[in-house]
Amino acid sequence: DTVIDDFDNGAFSTSTVAVGIPCSAVGGVRSVLVLDSGVMPVPSVMDLVPGEGHLDLAIGNDPGNYGIGYGSFLSGGSPLNLDLTGSDRIVVELSFASPTFMALILESGDFPFSDSAFFDIEISGPGVYEFPFSAPELGFIDLSDIDSIELNFFGGPGGVMQPFVNYRIESIRAVLAS
């Protein structure tokens, strides 16, 4: 397995954007985006406490889009140049979750000739969710040179995330079927 992020270090707490948070994830930095749909009294908050081994996202009363990224995501880091050819999927483990959509965005290649792929799945609650590299959406990505990995949460029943719901991400890994 290649651990993308085990969320064991790199403390932060934000209701907006945090770029280039030093941590032990791939690339050495993590960037996050908390983008509520409007301005309401209770904002969403994404945070990580060192040593707890998870990242928490508490949705406020005006849900929007939320992202976690590595490499050149949000210009928070340098291209990863990560070789994932020994893996066949990205696996995300959630211990708290409500129905919504989760998307994986991968970028490969050097600008201005880079390729990006967007692959979303519906999540129904806590569990282990997989983004197989065999999916047509990821077919043209060069797995030998992944420069950016981004995980987004958005939508849900009726097209929006539900307010006042908590999400907990335990890990993101690239794995090979055994």
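A quick note: this is a predicted structure, and the numbers were derived from the prediction, not measured. (Residues numbered from 1 in each chain as written. Predicted model: local features only at pLDDT ≥ 70, side-chain atom pairs only at ≥ 80, totals over all residues. Heavy atoms only, no water.)

Visitor: I keep staring at unusual backbone geometry and nothing clicks. Help me out?
Guide: Unlike most non-glycine residues, phenylalanine 7 shows phi in positive territory, near 55°. Counting through the fold element by element, phenylalanine 7 comes out in the loop between β1 (2-5) and β2 (12-14). The buried category is assigned to phenylalanine 7, whose relative accessible area is 0%. The phi dihedral of asparagine 81 is positive, around 50°, even though this residue is not glycine. By the secondary structure assignment, asparagine 81 is in the loop between β7 (65-71) and β8 (89-96). (Helix = DSSP H or I, 4+ residues; strand = E, 2+ residues; numbered from the N terminus. Buried < 20%, exposed > 50% of the residue type's maximum accessible area, 1.4 Å probe, protein only.)

Visitor: Help me out: how do you make sense of the nonpolar core in this one?
Guide: A general tendency of soluble globular proteins is for nonpolar side chains to be buried together. Formed by 48 residues in total, the largest nonpolar core has its most connected members in Tyr70, Ile90 and Met102. What tyrosine 70 contacts, discounting residues up to four positions off in sequence, is Ile4, Asp5, Phe7, Ala25, Val26, Val29, Arg30, Leu80, Asp147, Ser148, Ile149 and Ile172. (Core = buried A, V, L, I, M, F, W, Y, C linked by side-chain atoms within 4.5 Å. Contact = heavy atoms within 4.5 Å.)

Visitor: Can you walk me through the pattern of salt bridges in this structure?
Guide: Note that side chains of opposite charge can pair when their charged atoms are close. Scanning the entire structure with this criterion turns up five salt bridges. For arginine 173, the salt bridge is made with aspartate 1, and the minimal N-O distance between the two is 3.4 Å. Of this pair, arginine 173 sits in strand β13 (residues 166-175) while aspartate 1 sits in the segment before β1, and the two are 172 residues apart along the sequence. Residue arginine 173 is classed as partly exposed on the basis of its relative accessible area, which comes to 23%. (Salt bridge = Lys/Arg side-chain N within 4 Å of Asp/Glu carboxyl O.)

Visitor: How should the sheet that holds strand β12 (residues 146-154) be read in this particular structure?
Guide: Each strand in a sheet pairs with its neighbour through backbone hydrogen bonds, running either in the same direction (parallel) or in the opposite one (antiparallel). Taken in spatial order, the six strands make up an open sheet running β3-β4-β7-β12-β9-β10, and their pairing is antiparallel. Of all strands in the sheet, those with a lone pairing partner are β3 (17-22) and β10 (115-123), marking the two edges. The sheet shows a mean angle of 15° between the axes of neighbouring strands, direction not considered. Where β7 and β12 come together, six bridges link them in antiparallel fashion. For glycine 69, the partnering residue across the bridge sits in β12 and is glutamate 150. (Pairing = 2+ DSSP bridges. Axes fitted to C-alpha atoms, helices over the stretch in contact; angles between N-to-C directions.)

Visitor: What is the right way to read the environment of methionine 46 from this model?
Guide: Take methionine 46: it is sitting in strand β5 (residues 45-48). Those residues in contact with methionine 46 that lie beyond four places of it in its chain are Phe12, Ser13, Thr14, Val32, Leu33, Val34, Leu55, Asp56, Leu57, Tyr66, Gly67 and Ile68.

Visitor: Would you take a moment to explain the packing of aromatic side chains for this structure?
Guide: Given two aromatic rings, one states the distance between the centres and the angle between the planes to describe the pair. One pass over the full model with this rule turns up four aromatic pairs. Relative to phenylalanine 154, the ring of phenylalanine 118 lies with its centre 6.3 Å away and its plane at 45°, an arrangement referred to as tilted. Linking phenylalanine 118 in strand β10 with phenylalanine 154 in strand β12, this pair joins segments that are 36 residues apart in sequence. Measuring from ring centre to ring centre gives 5.5 Å for phenylalanine 119 and phenylalanine 131, while their planes differ by 80°; the resulting arrangement is edge-to-face. With a gap of twelve residues between them, phenylalanine 119 in strand β10 and phenylalanine 131 in strand β11 (residues 127-132) connect regions that are remote in the sequence. (Phe/Tyr/Trp six-rings, centres within 6.5 Å; stacked < 30°, edge-to-face > 60°.)

Visitor: Could you clarify how one ought to interpret the pairing of β3 in this entry?
Guide: Here β3 pairs with strand β4 (residues 29-35) via four bridges, running antiparallel. The residue of β4 that forms the bridge with isoleucine 21 is arginine 30.

Visitor: Mind showing me how you'd approach the side chain of aspartate 36 here?
Guide: Inspection of the secondary structure puts aspartate 36 in the loop between β4 and β5. Although buried, aspartate 36 forms no salt bridge, and the nearest oppositely charged side chain, arginine 168, lies 18 Å from it. Among the polar contacts listed, one links the side chain of aspartate 36 to the side chain of serine 44, at a separation of 2.7 Å. Polar contacts involving the side chain of aspartate 36 include one to the side chain of tyrosine 66, which spans 2.7 Å. (Lys, Arg positive; Asp, Glu negative; His and termini not counted. Polar contact = N/O pair within 3.5 Å; in protein donor to acceptor, adjacent residues only side chain to side chain.)

Visitor: Looking at this model, I keep getting lost on the side chain of serine 31. Mind explaining?
Guide: Position of serine 31 among the secondary structure elements: in strand β4. For serine 31, the side chain forms a polar contact with the main-chain nitrogen of glycine 20, separated by 3.0 Å.

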